[in-house]
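Examining the three-dimensional arrangement
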Amino acid sequence: MSTVEERTPPVGQHQLGHHEAKPGEHGWTQTGVSNEKLGMWVFLGSECLLFGGLISTYMLYKHTAVQGPRPHDLYDIPFTSVSSFVLLMSSMTMVLALAALQRGDHHRCRVWLVTTALLGATFISGQVYEFTSFVKEGMGYTTNTASSAFYTLTGFHGVHVSIGIIMLMSLFVMSLRGRLPQERSEIVEIVGLYWHFVDIVWIVIFTVVYLIP
Amino acid sequence: MTTATEAPHVEHEHAHPSDLQYVMIAMFLAVVTGAEVGLYYVNMDFLVYALILGVLMVVKFSTVVMFFMHLRFDSRLFRWVFVTGVTLAVIVYTIVLLTFHVFNGRV
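What counts, and where the lines are drawn
Sequence positions are assigned chain by chain, starting from 1 and proceeding in written order. Written order decides the labels, with chains lettered from A and ligands numbered from 1. Where totals are concerned, whole chains, interfaces and linings use all residues; where local detail is concerned, this predicted model gives features only for residues with pLDDT of at least 70, and gives and counts side-chain atom pairs only at 80 or more. We count a stretch as a helix when DSSP gives it H or I for four or more residues in a row; a strand needs E for two or more, and each element gets its number in order from the N terminus. For the exposure call, what matters is how many other C-beta atoms sit within 10 Å of a residue's own: 20 or more marks it buried, 12 or fewer exposed, and in between partly exposed, using C-beta atoms placed from the backbone. Each nonpolar core reported here comprises buried Ala, Val, Leu, Ile, Met, Phe, Trp, Tyr and Cys residues connected via C-beta atoms within 7 Å. What counts as a contact here is a pair of residues whose C-beta atoms, placed from the backbone, lie within 7 Å. Multiply 1.5 Å by the residue count of a helix minus one, and that product is the helix's expected span. All axes are obtained by fitting lines to C-alpha atoms, using only the stretch in contact for helices, and the reported angles, taken between N-to-C directions, cover 0 to 180 degrees. Any angle from 65 to 115 degrees is called roughly perpendicular, while one under 35 is roughly parallel, one over 145 is roughly antiparallel, and all others are oblique. A clockwise turn of the near helix away from the far one marks a right-handed crossing, whereas an anticlockwise turn of less than a right angle marks a left-handed crossing. Polar here means any residue outside two lists: the nonpolar Ala, Val, Leu, Ile, Met, Phe, Trp, Tyr, Cys and Pro, and the charged Asp, Glu, Lys and Arg; Gly therefore counts as polar. Every residue is assigned a pLDDT by the predictor, reflecting its confidence on a scale from 0 to 100.

**Digging into the environment of glutamate 186 of chain A**
All names here are of chain A. If you trace the backbone, glutamate 186 turns up in helix α7 (residues 185-211). The class for glutamate 186 is buried, based on 22 C-beta atoms found within 10 Å. When the C-alpha positions of glutamate 186 and glutamine 102 are compared, they lie 9.0 Å apart, and in sequence the two are 84 residues distant.

**Comments concerning the nonpolar core**
The biggest cluster of nonpolar side chains holds 69 residues, and the ones touching the most others in it are Tyr58, Val95, Leu96, Ala97, Leu113 and Leu153 of chain A. Contributing elements (two or more residues each) for this core: α2 (35-61), α4 (77-103), α5 (106-136), α6 (145-176) and α7 of chain A together with α1 (19-40), α2 (46-68) and α3 (76-99) of chain B. Apart from the residues within four sequence positions on either side, leucine 153 of chain A is in contact with Leu54, Ile55, Tyr58, Ile205 and Val209 of chain A.

**Observations concerning α1 of chain B**
If you check α1 of chain B, its first and last C-alpha atoms are 32 Å apart, about what 22 residues at 1.5 Å a residue would give, namely 32 Å. The elements touched by buried residues of α1 of chain B are α4 and α7 of chain A together with α2 of chain B.

**Focus: the packing of α1 of chain B against α2 of chain B**
The angle between the axes and the distance between the axes are what describe a pair of packed helices. All names here are of chain B. At their nearest, the axes of α1 and α2 sit 10 Å apart, and the two run at 165 degrees to each other. In terms of axis orientation, α1 runs roughly antiparallel to α2. Seen along the crossing, α1 lies across α2 with a hand that is left-handed. Judged by residue contacts, Ile25, Phe28, Leu29, Val32, Ala35, Glu36 and Leu39 of α1 engage Tyr49, Ile52, Leu53, Leu56, Val59, Lys60, Thr63 and Phe67 from α2. A breakdown of the residues in the contact of α1 with α2 according to their chemical character gives 12 nonpolar, one polar and two charged.

**A short note on the environment of alanine 65 of chain A**
Residue and element names in this part refer to chain A. Tracing the backbone shows alanine 65 in the loop between α2 and α3 (71-74). Among the residues examined, alanine 65 registers 20 C-beta atoms within 10 Å and is labelled buried. Each C-alpha atom, one on alanine 65 and one on threonine 143, is 8.5 Å from the other, the two residues being 78 residues apart in sequence. Ignoring anything within four residues of it in the chain, the contact list for alanine 65 reads Arg70, Asn144, Thr145 and Ala146.

**Describing the confidence of the model for chain B**
Residue and element names in this part refer to chain B. Across chain B, pLDDT averages 86, with 84% of residues at or above 70. Confidence drops under a pLDDT of 50 for residues 1-10, and excluding neighbours within four residues, the segment shows 11 contacts in the predicted structure. Two summary scores accompany this predicted model of the complex, namely pTM at 0.87 and ipTM at 0.85.

Now the structure itself:
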């Protein structure tokens, strides 16, 4: 049986070289890891089930259209490949923003945060263009069950990317106001986890929805 | 039973990759994506095609999770939480899709 005094502080505090938090002090947690970071991982674990459900629904309905064009009749693979590449590169810029802040390089952190947000916005613009062209070619949200499942899945992902962009811009503003010191780099790490998750969901969508007919 | 004098178990983080290593990882991911797109235009057996794409997808997914999300370097607790979510989703929805005969085209 362990005593309360044996519990450990969040891992991030070791990395930053802070003194080990004692029970009752700020930053002390019973698990030895940051509660905020653990919360984000639990959230992402639950998001796997949400997107798993949406992807399965698409797979279930993709061949059941009885009228109008089906999504895979209209896919523009070269265009979507470029969008995928853009989102993949945004994951790199996100992790570079975190690394910069952990080094105390605030200017570079801000540059990478804005770059990540811009890459995300480029991806969203591509999605809006894709949706618009699909609608022009006769595949609306209610055209058939396959189109409904497609728009719901990719639309949900798009909303996640948009929320990520808002969080990135919030971090940028916080940094400009001097409210994002090196010691609080975990905030960037947590937003980064969300952003990378959005990226890995797209990795699955790109393969399962777009590339496999 | 442990006593207060024993050293507590502390999970230390390992050193994260450098900026250059992050760029190299991103380049690797870009190459794998290029390979996926290239395969799309190659005429081959559907099962082989789907299998290769599945493997490449898992490689990309794992690379991002391990290196960009630092799961390889971070606490094992995070790994358990996330892997549980992913595994549960894969098992549940594979059973659902099998129930509807999605994989043999008899929906």
